[in-house]
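Structural characterization, general
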Amino acid sequence: MNHSGDGTTVFGQRDRRPDALGSLSVLPDETICVLLEFLAPRDIAHLACVSSVMYILCNEEPLWMSLCLKRAKGPLEYKGSWKKTTLHLEGVTQENDAYRKPLHFDGFNSLYLYKRFYRCNTSLDGFSFDNGNVERRRDISVDEFSKEYDAKKPVLISGLTDSWPASNTWTIDQLSEKYGEVPFRISQRSPNKISMKFKDYISYMKLQRDEDPLYVFDDRFGEAAPELLKDYSVPHLFQEDWFEILDKESRPPYRWLIVGPERSGASWHVDPALTSAWNTLLCGRKRWALYPPGKVPLGVTVHVNEDDGDVSIDTPSSLQWWLDYYPLLAEEDKPIECTLEPGETIYVPSGWWHCILNLEPTVAVTQNFVNKENFGFVCLDMAPGYHHKGVCRAGLLALDDGNSEDSEEETHDEDDNTLSYSDHTRKEKRIRMNGGGEIENQEDDVNGVSKRYNMWKNGFSYDIDFLSSFLDKERDHYNFPWSMGNSVGQREMRGWLSKLWVLKPEMRELIWKGACIALNAEKWLRCLEEVCTFHNLPSVTEDEKLPVGTGSNPVYLLSDYAIKLFVEGGLEQSMYGLGTELEFYDILGREGSPLKTHIPDVLASGILFFEKGSYKVVRWDGKKIPDIIFSSNLEFDAAMLNSEFPFGIWNKTLREQRNQGKPPSDSFSSLSSHVWPYIITKRCKGKIFAQLRDDLTWNDAHNLASFLGQQLRNLHSLPYPPVTRPELLIANDGHDEELNILPEWKVFVDVLRQRKKDVTGRLENWGNPIPRALMNMIDEYMPDEFFVDLLHVFKDTDGGDEIKACTWIHSDVMDDNIHMEPYADDNSVNGQHNSWRPSHILDFSDLSIGDPIYDLIPIYLDVFRGDVDLFKKLLESYGLPLIRSKMSRENGTSKKALSPSYRTMCYCILHEDNVLGAMYGIWDELRTAESWEQVEQTVWGLLNTY
């Protein structure tokens, strides 16, 4: 704001800012505008009545755009302005005073608001850069592309779309005519997934004057409008995509329909997982700017989280960058640039920064891909740690003390270009790498950015061996948090590498290198070989070198054996996992349960450790504490020392109870890097269900559902050890012991109560798709009284013939823990197998004691994917009551805790895994649910009729 010292503006008018804003007048306009975004629309409307300046600020369209996108869900219809659109969502009608003619005031000037207004109304006619410096090619061969450009440098290619129907039909008008009623996803400017019917979006395009307009950016356009997929084909240069071997549910988003008006575009970014991409323009013009890997653009800040390596980028909009930052650059620091014309395709290599600005309304299609040239970078980006992720994106800026927050001291040896780090701990969890500071300090900013670009040029190399040198060797894939920003999940990553190993034997040298980067595969292979040698098992073959499947621990399939190394969560968790599993098998053998025939035979178990330069192996059956652990100065109480299975179920439960609500810890951490429990079982013949899901007949699927119901019945009927830990026998929260509540039920309910305390934070960490409105309703839906009611459901249960409240819970009956074997049914020809039947349930290392309903959750959501008929078949075969209480029969109570659907929904909300995300992925209608009751009835309502 420009004003003179006597309280008047430069135009001689009285400056109304001090009186209108009071104490807030010391804040910059930008800060006030940001703060306003935290208020609700009705609060903004009230605040606009406070003063003239607040009226001006509260009627800014960018503010109402932000408010609208935060609240919008499902299809959005633009009403001519963002304020009108928001008021429509709030139920405010045209007759309301909010729609009256706007007021105008003099005596107020704001440079911040003026710049924003200018960006919203500027013409982009002069922004074309047709003589750009990106190489242009035509009729290029695959070999030529591979040698000169693939994973090396960008290239602009013409002629790839000559045979596409989209070249003639993908215009704004034709798409609107054919697909006007089809909703498409809109660029992610809010935590909600927003869509607009195409006709409504085109109307928005024509009416809007936004600085950074919304644009169609839909990765599911092929499902929304399948005919669009017939209008183009992947160019011959880019048809190799190693993500193709993943099934539809596991494959990350990879193709997008992009439609946007003038001024829209994509701000500076590096493509996810360091994949490469091609982008073909069908109509309009796009201006592109690119920087090589490691060269952070001016005005951009890269954040890398120290804990999980999650990367986030602060960047101005593409239009703001070209208007405010681009003019500051020296010629040597300017990006590689070009203007993309209709029919042209630009190739963006792995790791390259790029920014796109639409100069006029455009339609484009783009795909990301993984091939042999960028495979190593993709594996590197999903390796645990954070140093390497920073270096991949920010180059040596990631090691510059001046641009990190409380970073450790780092040294750069200019003689050999090696980098080293000190080992002391950071105080901050997020390091920051800048491409430049605030633009008000233009001279210092430009000088600083040139200095940093010189550092980037001196020594940085986008080479997989160079970048891999920044991996944190102490961080292991199985033991450290997985970044929510990774393109695929941790399970999917393991499964992907395992599939590649089988399907691409000619590329095994490259795949092995990638697996060593991402999974530390070389280390686990050495451990496997030591176990095989000790037990006189056959040598590991080339086919058997890589862990199989998607499990959370390294599992190897040899000719007749399956070997599992317990790694996840550190040594303490691994010992309790194997110890409880061995205790369970001991009970299973003594009880003679029919479940035993459907669990792989245990052949051996033990402890592998590295000591004094060599590996050693000792047998361990779960009884007594192994010497390598007992002699390590760790403290074990008398109750644990006297337990038959010191790492059995109740000692495991006590540990989990003590750690509830605390950050994950490993009191055995001094041993975790060189001690690993393991188990050897007989290998099952056939395949896991995850590999067969799409190949099973309906009859096979029904047999599977019936089998799972029977085995759950067997599991839930099996006795469990009595509670022996004194700490678990103490009454919780002062509840009267005279209620005669089973101690194991008390423990189960208390764990749930503890999880409730941080449920909102846990759901927020999982991000979309849980709407904020539902998260705010958790306390109302599941009040503290729920746990009291749940606890009292089983009071005065006297045992005897009464079915116990608690049972063993497998916790992880999912598609990768069900084994199927081939067989020949009555319709087979010449006795050849033509069907699959379930044979075994795998992996009992996550066992717990609690409500048997808990085991239904992963089966319904992961195995059946919400198939009601299969779930009904399972319940029919299960045959045990879901609510095991005298209370419902004798007292006639109507407590919600006795409702199977309500109880199961509460368990889902409190679950340690993201089961809510799975539910929202199966039932699209949940995205518009306005209450947890709606979600409950949609997903679990059928339980109430069982």
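Residues numbered from 1 in each chain as written. Predicted model: local features only at pLDDT ≥ 70, side-chain atom pairs only at ≥ 80, totals over all residues. Heavy atoms only, no water.

Comments concerning the overall build of the protein
Each helix and strand in the protein was counted, giving 39 helices and 29 strands. Taken over 946 residues, the protein has a buried fraction of 55%. Long-range contacts, defined here as pairs at least 24 residues apart, represent 75% of the contacts in the protein between residues at least 6 apart. (Helix = DSSP H or I, 4+ residues; strand = E, 2+ residues; numbered from the N terminus. Buried < 20%, exposed > 50% of the residue type's maximum accessible area, 1.4 Å probe, protein only. Contact = heavy atoms within 4.5 Å.)

Re the packing of helix α33 (residues 785-792) against helix α37 (residues 900-910)
Put simply, α33 and α37 touch, their axes get as near as 13 Å, and they point 120 degrees apart. Between α33 and α37, the crossing angle belongs to the class labelled oblique. When you trace α33 past α37, the crossing you get is left-handed. Here α33 contributes Phe786, Phe787 and Leu790 to the contact with α37, which in turn contributes Tyr902, Arg903, Cys906, Tyr907 and Leu910. Of the residues belonging to the contact of α33 with α37, the class tally is seven nonpolar, no polar and one charged. (Axes fitted to C-alpha atoms, helices over the stretch in contact; angles between N-to-C directions. Parallel < 35°, antiparallel > 145°, perpendicular 65-115°, else oblique. Left-handed = near helix turned anticlockwise from the far one by under 90°. Nonpolar A, V, L, I, M, F, W, Y, C, P; charged D, E, K, R; others polar.)

A closer look at the sheet that holds strand β8 (residues 265-270)
Remark on secondary structure: sheet strands pair via backbone hydrogen bonds, oriented parallel or antiparallel. Spatial ordering of the open sheet is given by β8-β15-β10-β13, a layout of four strands whose pairing is antiparallel. Only two strands of the sheet have a single neighbouring strand rather than two, namely β8 and β13 (336-340). Sheet twist, expressed as the mean angle between neighbouring strand axes with direction ignored, is 10 degrees. Along the sheet face, helix α13 (residues 318-325) touches β8, β10 (286-291), β13 and β15 (353-358) and points at about 100 degrees away from the line of β15. (Pairing = 2+ DSSP bridges.)

Quick notes on the sheet that holds strand β25 (residues 687-688)
Strand order in the open sheet formed by three strands is β25-β27-β28, with antiparallel pairing between adjacent strands. The open sheet has two free edges, formed respectively by β25 and β28 (835-841), since each of these has just one partner strand. Bridging between strand β27 (residues 818-823) and β28 involves six bridges; their strand directions are antiparallel. Bridge pairing in β28 links Pro822 to Trp836. Of the strands in this sheet, β27 and β28 touch helix α27 (residues 698-717), which is tilted by about 20 degrees from β28.

Overview of the packing of aromatic side chains
Per the stated rule, a full pass over the model turns up 57 aromatic pairs. Residues Tyr781 and Trp932 carry aromatic rings whose centres are separated by 6.4 Å and whose planes lie at 35 degrees to one another, so their mutual orientation is tilted. Placement of the pair is Tyr781 in helix α32 (residues 778-781) and Trp932 in helix α39 (residues 932-940), with a sequence separation of 151 residues. Here Tyr781 matches Trp932 in class, with each residue buried. Three or more aromatic residues joined by ring pairs make a cluster, and in this case those are Phe145, Tyr149, Trp164, Trp170, Phe221, Tyr232, Phe238, Trp278, Tyr347 and Phe369. The ring of Tyr326 carries the charged tip of Arg287 above its face, separated from the ring centre by 5.4 Å. (Phe/Tyr/Trp six-rings, centres within 6.5 Å; stacked < 30°, edge-to-face > 60°. Lys NZ or Arg CZ within 6 Å of the ring centre and 35° of its normal.)

A word on helix α29 (residues 743-757)
If you check α29, its first and last C-alpha atoms are 22 Å apart, about what 15 residues at 1.5 Å a residue would give, namely 21 Å. When you tally the buried positions in α29, you get 12 out of 15 residues, the bulk of the element. Along α29, the positions that sit buried rather than exposed are Glu744, Trp745, Lys746, Val747, Phe748, Val749, Asp750, Val751, Leu752, Arg753, Arg755 and Lys756. (Expected span 1.5 Å × (residues − 1).)

Considering a negative patch on the surface
Judged by side-chain charge, Glu568, Glu656, Asp846 and Asp913 come together as a negatively charged surface patch. Of note, Glu656 is situated in helix α24 (residues 649-659). By relative accessible area, which is 34% here, Glu656 ends up partly exposed. (Patch = residues over 30% accessible without salt bridge, like charges linked within 9 Å, V, L, I, M, F, W, Y side chains within 5 Å. Areas by Shrake-Rupley, 256 points an atom, 1.4 Å probe, with all protein chains shown as cover. Salt bridge = Lys/Arg side-chain N within 4 Å of Asp/Glu carboxyl O. Lys, Arg positive; Asp, Glu negative; His and termini not counted. Charge placed at Lys NZ, Arg CZ, Asp CG, Glu CD.)

Comments concerning the state of the cysteines
The final tally for this structure, using the stated rule, is zero disulfides. The structure places no disulfide on Cys906, whose sulfur is separated from the nearest cysteine sulfur, that of Cys908, by 9.2 Å. Since its relative accessible area comes to 0%, Cys906 is described here as buried. (Disulfide = S-S within 2.5 Å.)

A few points about the confidence of the model for the protein
Overall, the prediction assigns the protein a mean pLDDT of 86, with 86% of residues at 70 or greater. Here residues 732-736 is modelled with pLDDT under 50, and outside its nearest four sequence neighbours on either side it reaches seven contacts, counting other chains as well. Long-range and interchain partners of residues 796-802, a stretch whose pLDDT sits below 50, account for 11 contacts in this model, where long-range means more than four residues apart. (pLDDT = per-residue confidence, 0-100.)

Let's talk about the environment of Ser498
When you line up the elements, Ser498 lands in helix α18 (residues 490-503). Residue classification places Ser498 among the buried positions, given a relative accessible area of 13%. Taking the C-alpha atoms as reference points, Ser498 and Ile511, separated by 13 residues in sequence, lie 9.4 Å from one another. Every residue in contact with Ser498, bar those within four places of it in the chain, is listed here: Leu546, Pro547, Val548 and Gly549.

A short note on the pairing of strand β14 (residues 344-348)
With five of its five residues buried, β14 lies for the most part within the structure. Here β14 shows two buried faces, one formed by Glu344, Ile346 and Val348 and the other by Thr345 and Tyr347. Across four bridges, the pairing between strand β3 (residues 155-158) and β14 is antiparallel. The partner of Leu156 across the bridge, within β14, is Ile346. The pairing of strand β9 (residues 276-283) with β14 spans four bridges and is antiparallel. By the bridge assignment, Asn279 is partnered in β14 with Ile346.

Some details on the environment of Trp278
Within the secondary structure layout, Trp278 lies in strand β9. For Trp278, a relative accessible area of 1% corresponds to the buried category. Between the alpha carbons of Trp278 and Val234 there is a distance of 9.3 Å; along the sequence they are 44 residues apart. Ignoring sequence-local partners within four residues, the contact set of Trp278 consists of Trp164, Tyr232, Val234, Pro235, Phe238, Thr345, Ile346, Val365, Thr366, Gln367 and Phe369.

A short note on a nonpolar patch on the surface
A cluster of nonpolar side chains, namely Leu111, Tyr114, Phe117 and Tyr118, defines an oily patch on the protein surface of about 470 Å² accessible area. Mapped onto the fold, Phe117 is located in helix α7 (residues 111-121).

Some words on the pattern of salt bridges
Under the criterion given, the structure shown has 50 salt bridges. Taking the shortest distance from any N to any O, the salt bridge between Arg287 and Glu337 comes out at 2.6 Å. Of the two residues, Arg287 sits in strand β10 while Glu337 sits in strand β13, which places them 50 residues apart along the sequence. Grouping residues by exposure puts Arg287 and Glu337 together as buried. Here the salt bridges do not stand alone but share partners, grouping Arg491, Arg693, Asp815, Asp816 and Arg865 into one network.

Remarks on unusual backbone geometry
The phi dihedral of Ala273 is positive, around 60 degrees, even though this residue is not glycine. Here Ala273 lies in the loop between β8 and β9.

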